[in-house]
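Coordinate inspection notes
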Amino acid sequence: MSTAIIRTVKSAGASLAGKRTRIPKAAMTLTPAAVQRLQQLVKGPDPKLIRVAVKNKGCAGLSYVLEYAKEKGKFDEEINQDGVTVLIDSKSLFKMLGSEMDYVQDKLSSKFVFNNPNIKESCG
């Protein structure tokens, strides 16, 4: 490594000393299939939002709920990706961190699937 590069790295580090910089990460990401389906769901004359929440039920204790919303709640987390806005219910945010929302279709059904790294166990 040349001395010019070392000096540049050291001076950049000195200017950031004492400051905590963190790159913001989305609480949830959407797959292209989910984006496409969500665009279809919110299309219409009245603008709609989709809110995702986690409810306590089922054998593993958690169930994902999607509902239409007219406006963002005071503490809802807003996810904007590829022109789609999804709200995460404030009470569910901690359980959803790092999740991926996908849309899956097969011959008999179509549904949103959540790949959640916070889940330790599931049933079925």
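Before going into details, it helps to say that this report is about the structure given with it. (Residues numbered from 1 in each chain as written. Predicted model: local features only at pLDDT ≥ 70, side-chain atom pairs only at ≥ 80, totals over all residues. Heavy atoms only, no water.)

1. Observations regarding the overall build of the protein
When you go through the protein residue by residue, the secondary structure sums to three helices and seven strands. Traced from its N-terminal end to its C-terminal end, the protein shows the element sequence α-β-α-β-β-β-β-α-β-β. Counting over 124 residues, the protein shows a buried share of 26%. A separation of at least 24 residues holds for 49% of the contacts in the protein among residues at least 6 apart in sequence. (Helix = DSSP H or I, 4+ residues; strand = E, 2+ residues; numbered from the N terminus. Buried < 20%, exposed > 50% of the residue type's maximum accessible area, 1.4 Å probe, protein only. Contact = heavy atoms within 4.5 Å.)

2. Quick notes on the pattern of salt bridges
If you walk through the whole model with that rule in mind, you get two salt bridges. Here R51 makes a salt bridge to E67, at a shortest N to O gap of 3.9 Å. You can see R51 sitting in strand β2 (residues 49-55) and its partner E67 sitting in strand β3 (residues 63-69), a full 16 residues away along the chain. A relative accessible area of 15% places R51 in the buried class. Here R51 makes a salt bridge to D76, at a shortest N to O gap of 2.8 Å. Pair noted here: R51 is in strand β2 and D76 is in the loop between β3 and β4 (77-81), with a separation of 25 residues, a long-range link. When salt bridges that share partners are traced, they join R51, E67 and D76 into one network. (Salt bridge = Lys/Arg side-chain N within 4 Å of Asp/Glu carboxyl O.)

3. Topic: the environment of S110
Positionally, S110 belongs in strand β7 (residues 110-115). Once you skip the residues sitting within four places of it in the chain, S110 turns out to touch Y103, V104 and Q105. A polar contact of 3.2 Å, which involves the side chain of S110, links it to the side chain of Y103. (Polar contact = N/O pair within 3.5 Å; in protein donor to acceptor, adjacent residues only side chain to side chain.)

4. Some remarks on the nonpolar core
Where a protein is soluble and globular, its nonpolar side chains tend to be buried together. Judged by nonpolar contacts, the single largest core of 19 residues is most densely connected at M28, L30, L38, V86, M101 and F112. Mapped onto this core, the elements with two or more residues apiece are β1 (28-30), α2 (32-42), β2, β5 (84-88), β6 (99-105) and β7. Residue contributions to this core peak at four residues, all from α2. Apart from residues lying up to four places away in sequence, L38 is in contact with L30, I50, V84, V86, M101 and F112. (Core = buried A, V, L, I, M, F, W, Y, C linked by side-chain atoms within 4.5 Å.)

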